[in-house]
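Report on the structure
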Amino acid sequence: MISNQNVPVDTTPDTPQSTSAAARLKLKEKVDRAPKAELHIHIEGSLEPELIFSLAERNGITLPYSSVESLQAAYAFTSLQSFLDIYYAGASVLIHEEDFYDMTCAYVDQALDNGIIHSEIFFDPQTHTVRGVSMETMLAGIERGLAEGEKRGLSSRLILCFLRHLSEEDALRTFNQALPYFEQYAHRLIGIGLDSSELGHPPAKFARVFSQALGRKMRLVAHAGEEGPVSYIYEALDILRVERIDHGVRCLEDPQLVERLAQSRIALTVCPLSNLKLCVFDSLSDHNLKTLLEKGVAVTVNSDDPAYFGGHVNQNYRALIDALDLTEQQCYTLLRNSLEASFISDDKRQAMYRQLDHFWFS
Ligand code: HPA
Ligand SMILES: [Zn+2]
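Model, not experiment: these values are computed from the prediction.

1. Observations concerning the confidence of the model for the protein
- Averaged over all residues, the pLDDT of the protein equals 96, while 95% of them reach at least 70.
- Two numbers describe this predicted complex: its pTM, 0.95, and its ipTM, 0.95.

Below you can see the structure in the form of structure tokens.
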């Protein structure tokens with residue numbers, strides 16, 4: 001459990017505190033509609049229980065749960081691992097291209113509803129190849145859904161994540177298997193990441209595969225400092241050479257690291273409701289996001305696994321506004337950070353900044 005205590009904090013409010021309920025509601029409604037990017041969303045974690053059950057039925061799969069309600073009842077997580085066990089069971093219903101397409105279309109609908117104009121989406125190929133589902137099948141389905149999303153106003157990119165509880169040899173095999181698809185889907189598939197069980201699987205374990213990806217000029221990210229120690233964040237930065245840290249909330253234990261993140265503008269893709277559900281913080285009012293913001297770290301707000309953690313990105317903003325009494329300026333900073341930290345071209349980024357500013361200030 002992370003403690004936000006004993007950390008010197010600049011407590012000077014930038015507006016008179018504390019916001020009235022009416023002002024807070026107005027701010028939440030404004031953030032709901034604001035153009036934003038999402039940079040930390042696992043597509044398999046967007047699978048709602050109803051869709052899990054309908055895909056299971058379509059594919060003749062018997063789940064270890066008798067109903068949507070009994071599956072939902074199992075969403076009482078005590079740690080990252082307790083979640084991952086259920087998350088991988090949920091993903092087992094994905095067999096055919098159409099299943100990946102349906103899952104992606106459902107996410108696109110939600111993303112557009114949440115004001116997301118650009119999304120960088122993780123997928124976990126090893127979760128599927130181990131069950132005999134080909135890279136071709138999953139990518140064809142996801143790409144078809146995202147191409148349709150693009151026509152509806154959702155720009156998107158894909159990031160292939162390696163499961164860190166598996167060996168580096170497995171990651172290297174998966175990487176080599178994926179190489180032709182990095183060419184075929186070059187407009188979409190832009191980089192690699194690292195997810196799954198963090199403790200005991202430090203980033204350094206994946207040094208070779210990240211070095212190969214760097215050599216091919218791929219974009220690099222990794223989960224670090226969610227449950228794992230500060231040293232994992234240093235390894236992700238210095239050994240894997242990542243450009244963003246997924247989660248990274250434990251950086252606050254190391255003032256030098258916080259300073260380095262703030263200076264370099266290496267962003268953290270923070271997922272508040274995920275942190276709450278996986279017991280990284282006792283309550284959202286203990287969350288360190290506001291402290292990190294005040295220290296100048298490029299923090300962003302994301303949903304992680306929205307079907308499992310209680311909502312999409314707007315639910316995360318709403319919960320933070322309530323729990324941390326975020327100001328209007330802080331909300332704007334978070335939204336702008338999401339565009340700043342994205343892997344889009346500078347032209348596109350400037351256009352998105354203008355879209356945000358036009359919405360926010362007019
Ligand atoms: O939050 C997460 N952490 C690690 N692995 C994951 N896979 C899906 N979500 C997560
Ligand atoms: Zn994640």
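2. Description of helix H8 (residues 168–184)
- Taking 1.5 Å per residue as the helical rise, H8 with its 17 residues ought to reach 24 Å, and the 24 Å between its terminal C-alpha atoms agrees with that figure.
- At Ala 178, H8 is bent by approximately 40 degrees, the largest bend along its length, and proline Pro 180 sits one to four residues beyond.
- Within the sequence span of H8, burial applies to Ala 171, Thr 174, Phe 175 and Tyr 181.
- Its buried side turned inward, H8 meets helix H6 (125–129), helix H7 (135–151), strand E3 (155–163), strand E4 (189–195) and helix H9 (207–215).

3. Quick word on the packing of helix H16 (residues 328–340) against helix H17 (residues 346–361)
- One can describe the packing of H16 onto H17 by two numbers: an axis separation of 10 Å at closest approach and a directional angle of 160 degrees. The pairing of H16 with H17 is recorded here as roughly antiparallel in orientation. Like other packed secondary-structure pairs, H16 and H17 cross with a definite hand, here right-handed. Residues Tyr 332, Leu 335, Arg 336 and Leu 339 of H16 lie in contact with H17, whose contacting residues are Arg 349, Met 352, Tyr 353, Leu 356 and Trp 360.
- For the contact of H16 with H17, the class distribution of residues is 7 nonpolar, no polar and 2 charged.

4. Here's the deal with the UniProt feature "binding site: Zn(2+)" (unreviewed entry) in the protein
- When the UniProt feature table is mapped onto this chain numbering, "binding site: Zn(2+)" (unreviewed entry) sits at His 40, His 42, His 223 and Asp 304. These residues run over 265 residues, yet every pair of their C-alpha atoms falls within 11.8 Å of each other.
- Those residues in contact with His 223, other than ones at most four positions away along the chain, are Leu 194, Asp 195, Glu 198, Asp 246 and His 247.
- Following the sequence through the fold, Asp 304 ends up in the loop between strand E8 (299–301) and helix H14 (306–309).
- Contacts of Asp 304, omitting those with residues within four sequence positions, involve His 40, Ile 41, His 42, Gly 45, Cys 271, Ser 274 and Phe 309.

5. Quick word on the site of ligand 1
- Close contacts around ligand 1 come from His 42, Gly 45, Leu 80, Tyr 87, Asp 195, Ser 196, His 223, Glu 226, Ser 274, Asp 304 and Asp 305, and that covers them all.
- When grouped by side-chain class, the residues that make up the shell around ligand 1 number 2 nonpolar, 5 polar and 4 charged.

6. Here's the deal with the nonpolar core
- Counting residues in each nonpolar core, the largest one holds 95 residues, and the members touching the most others are Phe 123, Ile 233, Ala 236 and Val 299.
- The element contributing the most residues to this core is E3, with 6 residues.
- Setting aside residues no more than four positions away along its own chain, Val 299 makes contact with Leu 268, Val 270, Leu 289, Leu 292, Leu 293, Leu 334 and Asn 337.

Quick notes on the rules
- Residues numbered from 1 in each chain as written.
- Chains lettered and ligands numbered in written order.
- Predicted model: local features only at pLDDT ≥ 70, side-chain atom pairs only at ≥ 80, totals over all residues.
- pLDDT = per-residue confidence, 0-100.
- Helix = DSSP H or I, 4+ residues; strand = E, 2+ residues; numbered from the N terminus.
- Expected span 1.5 Å × (residues − 1).
- Bend = angle between axes of the 7 residues up to and from the residue.
- Buried ≥ 20, exposed ≤ 12 C-beta atoms within 10 Å, placed from the backbone.
- Contact = placed C-beta atoms within 7 Å.
- Axes fitted to C-alpha atoms, helices over the stretch in contact; angles between N-to-C directions.
- Parallel < 35°, antiparallel > 145°, perpendicular 65-115°, else oblique.
- Left-handed = near helix turned anticlockwise from the far one by under 90°.
- Nonpolar A, V, L, I, M, F, W, Y, C, P; charged D, E, K, R; others polar.
- UniProt positions renumbered as here; feature names shortened; annotations may be inferred.
- Near = placed C-beta within 6 Å.
- Core = buried A, V, L, I, M, F, W, Y, C linked by C-beta atoms within 7 Å.

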